[in-house]
Structures are given as C-alpha cells and as structure tokens.
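# Working through the structure, step by step
Spelled out from the first residue to the last, the chains are:
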Amino acid sequence: LDLMYARVYTEFIQALDAHDNGVHQYAPDQAPAYKITTALPARVYRMNIPWDEKTGENAATRAAFGKAVTTCGDEFKECVAFLVKDLPTRQTVLAAYATRFHAHPSGQVMWLNDATNWQAHIHEVEREAKGERPVLYVCGKFKDNDWRISAVAIHEGSFVSRKALPEEWRGLRGAELETVTGVPGSVFCHQAGFMGGHTPADGIKQLAWLAIAHTTGGGGGVTNHVTMTNSQGSFVVVAGHNAHVTL
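These lines cover the structure that appears in this document, whether it is placed above or below. (Residues numbered from 1 in each chain as written. Predicted model: local features only at pLDDT ≥ 70, side-chain atom pairs only at ≥ 80, totals over all residues. Heavy atoms only, no water.)

## Some details on the nonpolar core
Core analysis: the largest hydrophobic core is formed by 21 residues, its most contacted members being Y137, C139, I149, L165, W169 and I204. For this core, the secondary structure elements donating two or more residues are β1 (109-112), β2 (137-143), β3 (146-151), α6 (174-181) and α7 (201-213). A per-element tally of this core places α7 first, with six residues. Not counting the four nearest positions on each side in its chain, L165 is found in contact with Y137, I149, R170, C189, G193, M195, G196 and A211. Counting eleven residues, the second largest nonpolar core, distinct from the first, contains L112, V125, V135 and V138. (Core = buried A, V, L, I, M, F, W, Y, C linked by side-chain atoms within 4.5 Å. Buried < 20%, exposed > 50% of the residue type's maximum accessible area, 1.4 Å probe, protein only. Helix = DSSP H or I, 4+ residues; strand = E, 2+ residues; numbered from the N terminus. Contact = heavy atoms within 4.5 Å.)

Dropping the structure here:
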C-alpha cells in the first residue's frame, strides 16, 4: 500500500501539483525544446468555453466543468489500475537485478525473459540496493524471436543514456550492422544509441558484452576482445572493422 501511495503521487499527482503551483520542470531561463499539449492540464484547458462566448455561468459552462471532472476522474482511475497491474514488474526487476552478475561479471547488464515496464522500476531498485555500479544495459525478449538491448537512462524519463550503444553501430541495420558488430542476426541499432535489436538470444548477450567493453581505437574502429561463456563453452568475440566472431 505504501508503495502504491508513493507511485500514484509520482505518476499522477506530483505533475499536476507542480503545474498548478508553477514549479518549473526545467531551468527557468531555458526555453523548452517543444511543447506538451496532450497532457491532462492542456486537455482540460481546451474544455473551457471560448472567451468570446462566455455569458456567465450557464448550462454550457456547467457541462464543460462536468466534462473536465469526468476526464480527470477517468484518467486517475486508469492510472491507478495501470500501476496495480504493473506491481509484479517490480518483483521481476528485483529478481533480475539480484542475478545481474550472471549476465555479466561487472553486474552492469540485466537480463529479462519477458517484455516488462522495467524503466519505471530500475532506478528505484538501484537506489534501494545501493549497488556499487549502475546497470548500463537491460537485455530481454521483446516478442517471439525478437530480442532487444536497451541502454539505461541517467534517470527515469531522460533521453540521455548512461552509456549509449557504440557510435559505430548507430543507425545501421541488418548486414551492415552484422559487419560492424561481428554478431550474426543483428537487426538494428537506433540512431540515438538507446536500443538495438537481434534475433537469437545469444546474439543480444554478445552485443551487451561488446557494448560494455567498447573503446575507440585508432582510426575510429572498435577494438574489443571479449571472452564469453555459454552452454557450449567459452568463445571470443573480436569486434572491429571486418569484425568476426570466433566460436
């Protein structure tokens, strides 16, 4: 109950309270890069009767107010229902965090077998655990035979990653990405470096190991030599221009 209370506040009440009291979401002297006009305050504002149509309180203003109350109430109930359904995700993230050293000896890769809303929980789990090293990448199944590696953001809601996927991978797809990573089955790497896709599960693990070990060598090539172990034994991933994987 305490956890739900805190999450309802941060996920619903806090933003409305801050908006109502004029609390800046960014530095006061900094212009926003874009406007958010689809959030609840903006939608409620558009329910107002136009200024040149107002004639005092009447049926139209009362109807508009009633519509706004219903909209806010429905959104609140929807938010609470979603958070209740999402509660098991926290346990999934806790379990994955506890076994992160199985995914990589640094403890900076976390493995999930199912697509979950891990982004809403990872930072809080880390704060509570007081781990020495932050998780950099979360790997797991997106859907059948579709595996993803995601870079963890510096904080929840940020578009800045703690360590984005290597620059040499970004914006590449298919064979081009396979050539650079040396990992067969590479599907894509987002232009911003916050996500990559792969088909076999072992391949996404290889990408995570390469990303953790990534350094930039002479001529801008990736110069990694990473030893991994799987059920078939150890293998070495050598990545760079004309990269390859040696099993």
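## Considerations on the sheet that holds strand β4 (residues 186-189)
Taking strand neighbours across the sheet as the criterion, the five strands line up as β1-β2-β3-β5-β4 in an open arrangement whose pairing is mixed. Edge positions in the sheet fall to β1 and β4, since each of these pairs with one other strand and no more. When the angles between neighbouring strand axes are averaged without regard to direction, this sheet yields 20°. For β1 and β2, the ladder comprises four bridges, and the chain directions are parallel. Across the sheet, L112 pairs through a bridge with G140, a residue of β2. (Pairing = 2+ DSSP bridges. Axes fitted to C-alpha atoms, helices over the stretch in contact; angles between N-to-C directions.)

## Quick word on the side chain of T89
One can find T89 in helix α3 (residues 59-98). Take T89: its relative accessible area is 11%, and that puts it in the buried class. Within the local environment of T89, its side chain forms a polar contact with the side chain of D86, the two groups lying 2.9 Å apart. (Polar contact = N/O pair within 3.5 Å; in protein donor to acceptor, adjacent residues only side chain to side chain.)

## What to know about the pairing of β4
Across three bridges, β4 lies against strand β5 (residues 195-198) in antiparallel orientation. Paired with C189 across the bridge in β5 is G196. Hairpin remark: β4 followed by β5, antiparallel, with five residues in the connecting loop; positive phi at G193, about 75°.

## Observations concerning the packing of helix α1 (residues 2-20) against α3
Relative to each other, α1 and α3 sit at 130°, their axes nearing to 10 Å. By the angle between their axes, α1 is oblique relative to α3. Handedness of the α1/α3 crossing: right-handed. Touching L3, M4, R7, V8, E11 and F12 of α1 are C72, E75, F76, C79, V80, L83, V84, D86, L87 and R90, all from α3. Grouping the constituent residues of the contact of α1 with α3 by class yields eleven nonpolar, no polar and five charged. (Parallel < 35°, antiparallel > 145°, perpendicular 65-115°, else oblique. Left-handed = near helix turned anticlockwise from the far one by under 90°. Nonpolar A, V, L, I, M, F, W, Y, C, P; charged D, E, K, R; others polar.)

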